[in-house]
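Commentary on secondary and tertiary structure
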Amino acid sequence: MHSSFKHWLAAAAIAALALPAWAADATLAKIQSSGSLTIGYRLDAAPLSYAGEGGKPVGYAVELCQQLAARIQSQLKLPALQLHYVPVTIAERFDRIADGKIQLECADSTNTKARRERVAFGLTYYYAGARMLVRANDTRQQLAQMGQARVAVINGSTGQQVSERQPGLTLITVASTEEGAKAVAQGRADAFVSDDISLIDQARLLKGTVKVVSPRMSVEPLAPIIPKDAPDFQRLVVQAMKDMYRDGTARQIYKKWFEQP
C-alpha cells in the first residue's frame, strides 16, 4: 500500500463522533438555504485540480470533494445540492474562502499552522513535498548546489518559503506551475521549486526537456480549505472525510488517479 495512503488510513481510524443536530453556522446555513455549494479549484494543479476537457474541473482533489459534497447533501437531508466551481489562484485562495466567495477549496493547499490563523482545513488527502525542476541536461541535484542561480517560485507557496532559506539565489516569481516549468524549459530560470506531484506532471507534459530532482525539502499535508468561522460546517466536512476513508471511497479515488495508467 502506498505510504501516503497509510497516513490517511491512520487518520481515518480515529473514532468518529455521532453527527450532532446541525445548529448551522452562517456557512452551513447558506448551503442549506441555497441548496448549493461553491467549490474553488485550480486551473493548473494537475493531477490534483485543473481544467480538463471543455474547461471542466477535474483531478484527484476535485473528485474527492465531489464525493464529499454528496455526503454533505445526505447528512443535511437536502433533496439536491448544486455544485458551483470557481477557479482560484494560489495568491487569492485564502481571501476567497475568508470573504465567502467559496465555501470549499479543493486543490493543492498545504495545511500549516500559519495558515490556520486565517482558514480551517479538512483532513489530509495527499502528502506532497517541495522538490526542484531543472533542465534535462543539468547535473545539479539539490537546491544547495544552485549557487546564485535563477529559481522560479510561486508567490505565497511553500516552494517560495523553502527557496528563501537558501542564500544567494535569485528568486523569480511566477503565477502558475505551468509558467514556472516553461521558464525552466525555455532558459528564463535555472530551476523551479514547487510541490513534487505538480512538477512530475509538468515534466511529463514537457516531454524530456526538464526533469525533477532533489530529495523532498518539505512535507506538505494537502487538504481542503474551509472557512475558519464555520465550526458546524467544519465538523460536517471532517466527519464525511472520515467516513470516506473508512468505507474505501477515498482509497478507490486514490487508486484511480495514482495507481492506474
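Residues numbered from 1 in each chain as written. Predicted model: local features only at pLDDT ≥ 70, side-chain atom pairs only at ≥ 80, totals over all residues. Heavy atoms only, no water.

**Structural notes on the confidence of the model for the protein**
- Confidence in the prediction for the protein averages 91 pLDDT; 91% of positions are at 70 or higher.
- Segment residues 11–22: pLDDT under 50, and 19 contacts once partners within four positions in sequence are set aside and those in other chains are kept. (pLDDT = per-residue confidence, 0-100. Contact = heavy atoms within 4.5 Å.)

**Describing the sheet that holds strand S4 (residues 57–58)**
- Taken together, three strands build an open sheet; the order of strands is S2-S3-S4 and the sheet is antiparallel. Of all the strands in the sheet, just strand S2 (44–45) and S4 have a single pairing partner and so form its edges.
- Relative to strand S3 (residues 49–51), S2 runs antiparallel, the two sharing two bridges. The residue bridging Ala-45 from the neighbouring strand is Ser-49, located in S3. (Pairing = 2+ DSSP bridges. Helix = DSSP H or I, 4+ residues; strand = E, 2+ residues; numbered from the N terminus.)

**Re the packing of aromatic side chains**
- Here the structure, examined in full by the defined rule, presents eight aromatic pairs.
- Seen in terms of ring centroids, Tyr-60 and Tyr-125 are 6.2 Å apart; in terms of plane orientation they differ by 85°. Their pairing is edge-to-face. Residue Tyr-60 is found in helix H3 (residues 60–76), and its partner Tyr-125 is found in the loop between strand S7 (119–121) and strand S8 (126–128); the two are separated by 65 residues along the sequence.
- In this structure Tyr-60 comes out as buried when scored by relative accessible area, which is 0%.
- Under the relative-accessibility criterion, Tyr-125 is labelled buried at 1%.
- Ring geometry for Tyr-254 versus Phe-258: centroids 5.0 Å apart, planes at 45°, classification tilted. (Phe/Tyr/Trp six-rings, centres within 6.5 Å; stacked < 30°, edge-to-face > 60°. Buried < 20%, exposed > 50% of the residue type's maximum accessible area, 1.4 Å probe, protein only.)

**Here's the deal with the pattern of salt bridges**
- Here the structure, examined in full by the defined rule, presents 16 salt bridges.
- The partner of Asp-247 in a salt bridge is Arg-71, with the nearest N and O atoms 2.8 Å apart. Taken together, the residues Asp-247 in the loop between helix H8 (231–246) and helix H9 (249–258) and Arg-71 in helix H3 connect sequence positions 176 residues apart. (Salt bridge = Lys/Arg side-chain N within 4 Å of Asp/Glu carboxyl O.)

**Focus on the state of the cysteines**
- This model, assessed by the stated rule, comprises one disulfide.
- Each sulfur of the disulfide joining Cys-65 and Cys-106 lies 2.0 Å from the other. The chirality of the disulfide connecting Cys-65 with Cys-106 is left-handed, given an S-S dihedral of about -100°. In this pair, Cys-65 is assigned in helix H3 and Cys-106 in the loop between strand S6 (104–105) and S7, connecting sequence segments 41 residues apart.
- Given a relative accessible area of 2%, Cys-65 falls into the buried group. (Disulfide = S-S within 2.5 Å.)

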